[in-house]
Amino acid sequence: MQRILSTHLPDFTGQPVRLAGWIHRRRLLKSVAFLILRDAAGLAQVVVTDPAVRAQLEHLPEETTVSVTGTATAQPAAPGGVEVTGPTIMPLTDPAAPVPFDLYRPDLRANLPTILDHAPVALRHPKLAATHRIAAAAVAGFRKTLTTMGFVEIHTPKIVGTATESGANVFALDYFGRRAYLAQSPQLYKQIMVGVFERVFEVGPVFRAEPSDTARHLAAYTSLDAELGFVDDHRDVIAACHATVAGMLATVTERAGPAVELLDVRMPALPADPVIVHFADALNMISAATGRDVTGEPDLAPEHERWLGEWALREHGSDFVFVEGYPTRHRAFYTHPDPARPGCSRAIDLIFRGVELVSGGQRLHRYGDYVAALAERGETDLTPYAGYLDAMRYGMPPHGGFAFGLERFVARLLGVPNIRQVTLFPRDLHRLAP
């Protein structure tokens, strides 16, 4: 008999069925026993009345994998309104070892270090699994939306020969006797590929050797990157990013609805048109509201991001707000300046519920501008940038793009305080296993 998933039981009411999964919970009562079986789709209730089957169940602890054959029987109190009766149970493995926490409870009663130390089994908890179903749906929405807009998915190297992107430390490694590094981002490669496909995106790991031991930093995370050519300015990048976020949220609702419901997620408000504020105007508003002059600050502090998030929701009904016009001198060398406002750039950030989510903007695209920008930062040896700058020498269109971390997006979406709660196997200052 072919196996079915627990959610398909109602389609087979009155018929013989076979389920397979993990023993989620056993309830051994005096006259009857209940086995709650967990599979990838959910939970199924199995009613055991036969003494021999009950005796067998007593020796099969929670998390043992089993196959159950029986009859799908209508029962309004059971999950999905159907339970399995008259079962036979066949173990598919040895009895499971004791688990360090009760996975059958509605919430996992363990602290975060314990959960992370035992991630291979902790991730089986329905709520933790739901977190990563939402992450998977978000990535699917990212891919679907950008593909619909004519973007091509690319896969760039994660081992690079030069540490050329400023703003973060790098992990060095031995590459067949030569020094190499784990890539901090696909930034330079995705710009190069604009010269091939015009519009590209990538989903892949990036590595940041930052000694930051905070609830919002990781040493390795999944980066969602996009770059598009023939832009007029950074507002084209904002439009593409806004559409992408909208597509991701829609796909999360469509593909991960049960997970959203299980975790009681409040889906964010995203208006049809993006909310945009200039960096200088944002500092002026914050200064006026708080009574503290922050107009000379080079970037937004975390409390400023929170203020802007509250302002966008209060004034515009949006959980998202784009900030444009950051000071050029405090942005990456490839950032395009704003000709209309000296000292300001065409860089953007997207604040999501009071936390920076996305960074991006319009890039330089003329070779001479790159030489000048690097020289201004004291870099006259262009050798490390040779392959990258070659793309600019041979006709690169005006372009720009954006990038953000999947884990930070999911953490803000779910409203969890620590990014490690939504990361499968976190890597940080202290953790290299499991």
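Residues numbered from 1 in each chain as written. Predicted model: local features only at pLDDT ≥ 70, side-chain atom pairs only at ≥ 80, totals over all residues. Heavy atoms only, no water.

A. Inspection of the sheet that holds strand S1 (residues 16–28) at higher detail. Read around the closed barrel, the five strands follow the order S1-S2-S3-S5-S4; overall the barrel is mixed. Strand-to-strand twist across the sheet, computed as the mean angle between neighbouring axes with direction ignored, equals 55 degrees. Packing of helix H1 (residues 51–58) onto the sheet brings it into contact with S1, strand S2 (33–38), strand S3 (43–48) and strand S5 (82–91), and relative to S1 it is tilted by some 60 degrees. (Pairing = 2+ DSSP bridges. Helix = DSSP H or I, 4+ residues; strand = E, 2+ residues; numbered from the N terminus. Axes fitted to C-alpha atoms, helices over the stretch in contact; angles between N-to-C directions. Contact = heavy atoms within 4.5 Å.)

B. Geometry of the pattern of salt bridges. A complete count under the given rule lists 22 salt bridges for this structure. Residue Glu 63 is joined to Arg 38 by a salt bridge in which the shortest nitrogen-to-oxygen separation is 2.8 Å. Taken together, the residues span a long stretch of sequence, with Glu 63 in the loop between H1 and strand S4 (65–74) and Arg 38 in strand S2 at a distance of 25 residues. Judged by its relative accessible area of 6%, Glu 63 is buried. (Salt bridge = Lys/Arg side-chain N within 4 Å of Asp/Glu carboxyl O. Buried < 20%, exposed > 50% of the residue type's maximum accessible area, 1.4 Å probe, protein only.)

C. Just the sheet that holds strand S8 (residues 172–175), in detail. Read from one edge to the other, the open sheet built from three strands follows the order S7-S9-S8, with strand pairing classed as antiparallel. Looking along the sheet, the strands with just one partner apiece sit at the ends: strand S7 (159–160) and S8. Two elements, S8 and strand S9 (residues 178–182), share four bridges in a ladder whose sense is antiparallel. Following the sheet pairing, Asp 174 is matched in S9 by Arg 179.

D. Representation of the packing of aromatic side chains. A full pass over the atoms with the stated rule returns 12 aromatic pairs. The interplanar angle of 85 degrees and the centroid separation of 6.2 Å between the aromatic rings of Phe 333 and Tyr 388 together place this pair among those described as edge-to-face. Placement of the pair is Phe 333 in the loop between strand S13 (320–324) and strand S14 (347–352) and Tyr 388 in helix H11 (residues 386–393), with a sequence separation of 55 residues. An aromatic cluster is defined as three or more aromatic residues linked by ring pairs; in this entry it consists of Phe 142, Phe 201, Phe 320, Phe 352, Phe 404 and Phe 409. Its end group placed over the ring of Tyr 104, Arg 25 keeps NZ or CZ at 3.8 Å from the ring centre. The ring of Tyr 326 has Arg 331 lying over it, and the distance from NZ or CZ to the ring centre is 3.9 Å. (Phe/Tyr/Trp six-rings, centres within 6.5 Å; stacked < 30°, edge-to-face > 60°. Lys NZ or Arg CZ within 6 Å of the ring centre and 35° of its normal.)

E. Just the nonpolar core, in detail. In this structure, Ile 134, Phe 142, Phe 402, Phe 404, Phe 409 and Leu 413 are the most contacted members of the largest nonpolar core, which totals 46 residues. Counting 20 residues, the second-largest nonpolar core is a separate cluster that includes Leu 19, Ala 33, Val 46 and Ala 72. (Core = buried A, V, L, I, M, F, W, Y, C linked by side-chain atoms within 4.5 Å.)

F. Examining a nonpolar patch on the surface more closely. Together, Ile 159, Tyr 175 and Phe 176 make up a nonpolar patch on the protein surface, roughly 350 Å² of accessible area in all. In this fold, Tyr 175 is placed in strand S8. (Patch = residues over 30% accessible without salt bridge, like charges linked within 9 Å, V, L, I, M, F, W, Y side chains within 5 Å. Areas by Shrake-Rupley, 256 points an atom, 1.4 Å probe, with all protein chains shown as cover.)

G. Molecular detail of the environment of Leu 429. Counting through the fold element by element, Leu 429 comes out in the segment after helix H12 (406–414). For Leu 429, a relative accessible area of 47% puts it in the partly exposed group. Non-local contacts of Leu 429, meaning those with residues more than four positions away in its chain, are made with Glu 210, Pro 211, Ser 212 and Asp 213.

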